[in-house]
Amino acid sequence: ENNMGLDMFVWRVKANDAISDFVIRSEEDGREGSLNELFYWRKHHDLHGWMEKLYRNKGGTAQTFNCVPVRLYSHDLDALQFDLLNNMLPVTRGFFFGENPPDAKSLKGDLKFIQKARDAIAAGDAVYYDSWW
């Protein structure tokens, strides 16, 4: 089993640890960060492509969209939910991304993630997508 692949996370972060759309205060900043895993996917490449497009639209400049957090706001979740329900995620390919086209099961999980993210935002926390491959 090849362990390399696209790992995708959503972090729930205390509002005062949300430095910018792309920066989360973490343990390395000399204090305890408040990173909590809210959701996880493996090789959901089309969703990763959607998040990269969001990152670029917000002004993200990293050459490779890998290990780069991007903050998700309620309006981002609205747009994602629309695209999910209308089967409009961008087809995304990558060497380690696998071949897992969206299906009913992945949609159910994605909508569950959106609800959890909405609840975190409603509670005053910040939500970030991040990935590693």
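It should be emphasised that the depicted structure is a prediction, and the values quoted were computed from it without experimental measurement.

**Q** Any chance you could explain the confidence of the model for the protein chain here in plain terms?
**A** Reading predicted coordinates in detail is not appropriate for stretches of low pLDDT. Counting all residues, the mean pLDDT for the protein chain is 88, and 85% of those residues have values of 70 or more. Across the protein chain, element-level confidence peaks in strand β3 (residues 70-72) with a mean pLDDT of 98 and bottoms out in strand β2 (residues 36-42) with 92.

**Q** Whenever I open this one, the packing of aromatic side chains confuses me. Can you help?
**A** To describe a pair of aromatic rings, you give the distance between the ring centres and the angle between the ring planes. If you walk through the whole model with that rule in mind, you get eight aromatic pairs. Between Y55 and F65 the ring centres are 5.1 Å apart and the planes differ by 35°, which places this aromatic pair in the tilted class. Placement of Y55 in helix α1 (residues 45-57) and of F65 in the loop between α1 and β3 is noted, with a sequence separation of 10 residues between them. Each member of the pair, Y55 together with F65, is buried. Here F65 and Y129 contribute two aromatic rings whose centre-to-centre distance is 6.1 Å and whose plane-to-plane angle is 15°, an arrangement assigned as stacked. Linking F65 in the loop between α1 and β3 with Y129 in strand β4 (residues 126-132), this pair joins segments that are 64 residues apart in sequence.

**Q** Help me understand the pairing of β4, please; the structure alone is not making it clear to me.
**A** As a general feature of sheets, a regular strand has side chains that alternate between the two faces. Most of β4 sits out of view: six of its seven residues are buried. Sheet analysis places strand β1 (residues 7-13) next to β4, joined by seven bridges and oriented antiparallel. Residue R12 lies in a different strand from β4, and its bridge partner there is V127. As paired strands, β3 and β4 are joined by three bridges and run antiparallel to one another. Paired with V70 across the two strands is Y129, which belongs to β4.

Cut-off values and rules
- Residues numbered from 1 in each chain as written.
- Predicted model: local features only at pLDDT ≥ 70, side-chain atom pairs only at ≥ 80, totals over all residues.
- Heavy atoms only, no water.
- pLDDT = per-residue confidence, 0-100.
- Helix = DSSP H or I, 4+ residues; strand = E, 2+ residues; numbered from the N terminus.
- Phe/Tyr/Trp six-rings, centres within 6.5 Å; stacked < 30°, edge-to-face > 60°.
- Buried < 20%, exposed > 50% of the residue type's maximum accessible area, 1.4 Å probe, protein only.
- Pairing = 2+ DSSP bridges.

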